[in-house]
Amino acid sequence: MTKMADLSVDVIEGCRLPVLRKNQENEDEWPLAEILSVKEIPGRKLYYVHYIDFNKRLDEWVTPERLDMKKLQFPKKEAKTPTKNGLPGSRPSSPEREVKRKAESVSLATQVSPATPVPSLPGLAEASQVSVYPAVRDTNTFNLKSNAHDDHEQLTSLTTNGTARRPMPNQPGRKRKQPPNCGGTDEIIKVFQYNNSPRCANVYLPPGEDSQDSSDGIPSAPRMTGSLVSDRSHDDIVTRMKNIDCIELGRHRLKPWYFSPYPQELTTLPILYLCEFCLKYLKSLKCLQRHLTKCNLRHPPGNEIYRKGTISFFEIDGRKNKTYSQNLCLLAKCFLDHKTLYYDTDPFLFYVMTEYDSKGFHIVGYFSKEKESTEDYNVACILTLPPYQRRGYGKLLIEFSYELSKVEGKTGTPEKPLSDLGLLSYRSYWSQTILEILMDLKPDNGERPQITINEISEITSVKKEDVISTLQYLNLINYYKGQYILTLSEDIVEGHERAMQKRHLPIDPKCLHFTPKDWSKRGKW
C-alpha cells in the first residue's frame, strides 16, 4: 500500500521521514531517510535522500509519491555553518544529528578495524608460548580432552561447529596494558597432533600491539606524505551527493556510487564518456569518437611488470604520468567514499590490472601505494570496477600488493580506514592465507612443528598486527592450561578448502618482473 505525500507540507533539506524503496528481495520497505537536497523539474519536485544506517551509495533522487509525510521530522533550528570558500556549509542540523555524528565516529573506529581483542581471555602475562594442533582429519564429532582444568573452561567457547562468532569490538580510547616480562611475536608456536581432536594452535598475542587503527578510527588530518585518507572536513552538502549520473567506459556503463570532483560543467550531462585507455573524460559520444582516432594508447602508460594469460599489471609513476594518474583518481573517487582526492599524484605509484583482448588492455581495477611510507602501508587506495566485482579480481589485487612487498623484503598493510567492501576482501584474503600456512604445518622428526607469529608474517609479508587481528576475528583463539591455543574445527578446514577451490586466479611469482627502487633518493622521483 503506497503512502501518498501530502504536498501541502513543505519538505526542506534536513527533514527526516520514511521513504519507499525496494530491498534485495524486491520487497517494499520504508526505511528512515534524510532529505539532502530538493530540486524542481517541470511539473514536479525531486528529493535527494540518504537512507539512515545505509551506505551512501544507495542515496538517490525520489519522487514525492515515495515519501511518508505522516512521520515527517523537521530539522532543529540552529545557527548555520559559516560558508567555506564561497560554498554553503553543511545543511541545517536534523534530529539527533549531534548524537548521530558521535555514534558514527565510534562505529567507524570499530568497523574498519579487523583487530579486536578477545574479551574473555585471562591476563596475557600468563601465556609464555603458543601451539598449533593440525590434527588428523576425521569424520567423527570432535571432542576436546576431558582432563581440562575447571579453571580454564573458556575452551568450551571455541567454534567446533565451524561458526565463527565475532569478538566484541574495541572500546574507543581503551588500550590493552603491557604486562611485565612478556615475550614478543618471535615466541615459539608449538604445533602438535592429537587423534580425534580438532586442529588447534597455541598463538601468543603480544599485548602492547593494539588494533591496526587509532583509537578514534579516523586520522585527525591527512598526513603530508601523500595520504589519501579523508579527514571528512569536506563533507558539505555538495560532496555528500552523487554528481555524475552515468559513466561510459569502453563497453561498460557505470552508475557512480559517490561524489567525484569532475569539472562542474560535466555534472549536468546524462552520460560522461571516458576513453578506456587514457581515461580522458569527454562530454559527448562524438567527442569520444574523435578522440579515439588520435589516442594511440591501447594499454595504461608505464611498465608492464606482470603478465599471465589475459591478466597484466602496469606500474605507473604518478609524477611521470600525472594526467593519467589524476584521471584514474577521478574515476576511482566515484566508487570510494573514505578517500579524498589530491591532484598532487607525485608521491604515488599506481598498479593497474588489465584484461587483454584483440582491442587492447582493458582496465579491471587498480591499487595505489606511496613511494615512501613511514607506516609500512603497501596500499593507499584499492578498487575493482563494478563490472568486474565478485569474480576474484579483488583478491588478485590484494595478493599482488603482497607479492610486491615480498620482493621489497618488507611486510605491509593497507592504509586505513578501509571501505566496507575493501574490509571484507582483506579479511577474506588474510584468513585464507594464514589458514593455508597453519594447515600445511607438519611434524618434524616426530617432534611438534614450531612456528612464530613473526615467521607467519615473513612468509606472507602480512604485517604481524594483521595476522593477530585475523586470528581474533575468526574467533579461533582460546585460553587453555595457561596458554593461548588456536583451534581449527573440521568445518573451518572444509570451509577454507572450498574457498581455495574458488580462487582460479592466483598470482604466479615467476611472471612478476619487478625491481624495487630506493625512493628515499629524490633523484629517483
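Remember, it's a predicted structure, so these values are computed and weren't measured experimentally.

Asks: What is the right way to read the nonpolar core from this model?
Replies: In terms of nonpolar packing, the biggest core is built from 82 residues, with Phe 313, Leu 331, Tyr 366 and Phe 400 touching the most fellow members. Counting residues per element, this core draws most heavily on helix H5 (residues 420-440), at nine residues. Here Phe 313 is in contact with Asn 303, Glu 304, Ile 305, Tyr 306, Val 352, Met 353, Leu 396, Leu 397, Phe 400 and Ile 507, once residues within four sequence places are set aside. Counting residues in hydrophobic clusters, the runner-up holds 13 residues, among them Leu 17, Ile 35, Val 49 and Tyr 51.

Asks: I'm lost on the UniProt feature "active site" (unreviewed entry) in the protein chain in this one. Help?
Replies: Sites flagged by UniProt as "active site" (unreviewed entry) map to Glu 415. Mapped onto the fold, Glu 415 is located in the loop between strand E20 (413-414) and H5.

Asks: Just checking my understanding: could you explain the environment of Glu 436 for this structure?
Replies: Relative to the helices and strands, Glu 436 resides in helix H5. Since its relative accessible area comes to 31%, Glu 436 is described here as partly exposed. With 61 residues separating them along the chain, Glu 436 and Glu 497 place their C-alpha atoms 8.9 Å apart. Ignoring anything within four residues of it in the chain, the contact list for Glu 436 reads His 496 and Met 500.

Asks: In this structure, what is going on with the pattern of salt bridges? I would like to understand it.
Replies: Within this structure, the stated rule accounts for 17 salt bridges. Residue Lys 45 pairs with Asp 10 through a salt bridge whose shortest N-O separation is 3.6 Å. Separated by 35 residues along the polypeptide, Lys 45 in strand E5 (residues 44-51) and Asp 10 in the segment before strand E1 (16-18) bring together distant segments of the chain. Residue Lys 45 is classed as partly exposed on the basis of its relative accessible area of 27%. Note on Asp 10: relative accessible area 48%, which makes it partly exposed. Lys 308 is the partner of Asp 508 in a salt bridge, and the nearest nitrogen-oxygen pair spans 3.5 Å. With Asp 508 in the segment after helix H8 (490-501) and Lys 308 in strand E14 (residues 303-308), this residue pair connects regions lying 200 residues apart in the sequence. In this structure Lys 308 comes out as partly exposed when scored by relative accessible area, which is 40%.

Asks: What is the right way to read helix H7 (residues 464-473) from this model?
Replies: Because each turn of an α-helix spans 3.6 residues, side chains separated by three or four positions in sequence point in the same direction. Across the 10 residues of H7, eight count as buried, placing the element largely inside the fold. Taken together, the buried residues of H7 touch helix H4 (393-408), E20, H5, helix H6 (453-460), strand E22 (477-480) and strand E23 (483-488). In the stretch just after H7, Asn 475 is the one whose phi turns positive, near 60°.

Asks: Where do I start with the packing of H4 against H5 in this structure?
Replies: A packed helix pair is summarised by two numbers, namely the angle formed by the two axes and the spacing between the axes. One can describe the packing of H4 onto H5 by two numbers: an axis separation of 10 Å at closest approach and a directional angle of 60°. Taken together, the axis directions place H4 and H5 in an arrangement best described as oblique. The two elements H4 and H5 meet at a crossing, and its hand is right-handed. On H5, the residues that touch Lys 395, Ile 398, Glu 399, Ser 401 and Tyr 402 of H4 are Ser 425, Tyr 426, Ser 428, Tyr 429, Trp 430 and Gln 432. Residues of the contact of H4 with H5, tallied by class, amount to five nonpolar, four polar and two charged.

Asks: Help me understand a positive patch on the surface, please; the structure alone is not making it clear to me.
Replies: A grouping of Lys 280, Lys 286, Arg 290 and Lys 294 is seen on the molecular surface, where their side chains present a positively charged patch. Classification of Arg 290 by relative accessible area gives partly exposed; the value is 44%.

Asks: Hey, could you run me through the side chain of Asp 317 in this one?
Replies: Mapping Asp 317 onto the fold places it in strand E15 (residues 311-317). A polar atom in the side chain of Asp 317 sits 2.8 Å from the backbone nitrogen of Arg 319.

Asks: Looking at this structure, how should I read H8?
Replies: The end-to-end C-alpha distance of H8, which contains 12 residues, comes to 17 Å, matching closely the 16 Å that a straight helix rising 1.5 Å per residue would cover. Those residues of H8 that sit buried are Glu 490, Ile 492, Val 493 and His 496. Projected down its long axis, H8 shows its buried positions confined to an angular sector of 165°, all on one face. Relative to its buried face, H8 has exposed residues pointing more than 90 degrees away, namely Arg 498 and Gln 501.

Asks: Would you mind showing me how to read the pairing of E5 here?
Replies: Regular strands show a simple pattern: their side chains alternate between the two faces of the sheet. Taken across its eight residues, E5 has six buried, putting it largely inside the fold. Pairing analysis gives eight bridges linking strand E4 (residues 32-41) to E5, with the strands arranged antiparallel. Pairing of Val 38 across the sheet is with Tyr 47, part of E5. Hairpin connection between E4 and E5: a loop of two residues separates the two successive antiparallel strands, and Gly 43 in this loop has a positive phi of roughly 95°. When E5 meets strand E6 (residues 60-62), the two strands line up antiparallel, connected through three bridges. The partner of Tyr 47 across the bridge, within E6, is Val 62.

Criteria and cut-off values
- Residues numbered from 1 in each chain as written.
- Predicted model: local features only at pLDDT ≥ 70, side-chain atom pairs only at ≥ 80, totals over all residues.
- Heavy atoms only, no water.
- Core = buried A, V, L, I, M, F, W, Y, C linked by side-chain atoms within 4.5 Å.
- Buried < 20%, exposed > 50% of the residue type's maximum accessible area, 1.4 Å probe, protein only.
- Helix = DSSP H or I, 4+ residues; strand = E, 2+ residues; numbered from the N terminus.
- Contact = heavy atoms within 4.5 Å.
- UniProt positions renumbered as here; feature names shortened; annotations may be inferred.
- Salt bridge = Lys/Arg side-chain N within 4 Å of Asp/Glu carboxyl O.
- Axes fitted to C-alpha atoms, helices over the stretch in contact; angles between N-to-C directions.
- Parallel < 35°, antiparallel > 145°, perpendicular 65-115°, else oblique.
- Left-handed = near helix turned anticlockwise from the far one by under 90°.
- Nonpolar A, V, L, I, M, F, W, Y, C, P; charged D, E, K, R; others polar.
- Patch = residues over 30% accessible without salt bridge, like charges linked within 9 Å, V, L, I, M, F, W, Y side chains within 5 Å.
- Areas by Shrake-Rupley, 256 points an atom, 1.4 Å probe, with all protein chains shown as cover.
- Lys, Arg positive; Asp, Glu negative; His and termini not counted.
- Charge placed at Lys NZ, Arg CZ, Asp CG, Glu CD.
- Polar contact = N/O pair within 3.5 Å; in protein donor to acceptor, adjacent residues only side chain to side chain.
- Expected span 1.5 Å × (residues − 1).
- Arc of directions from axis to C-beta.
- Pairing = 2+ DSSP bridges.

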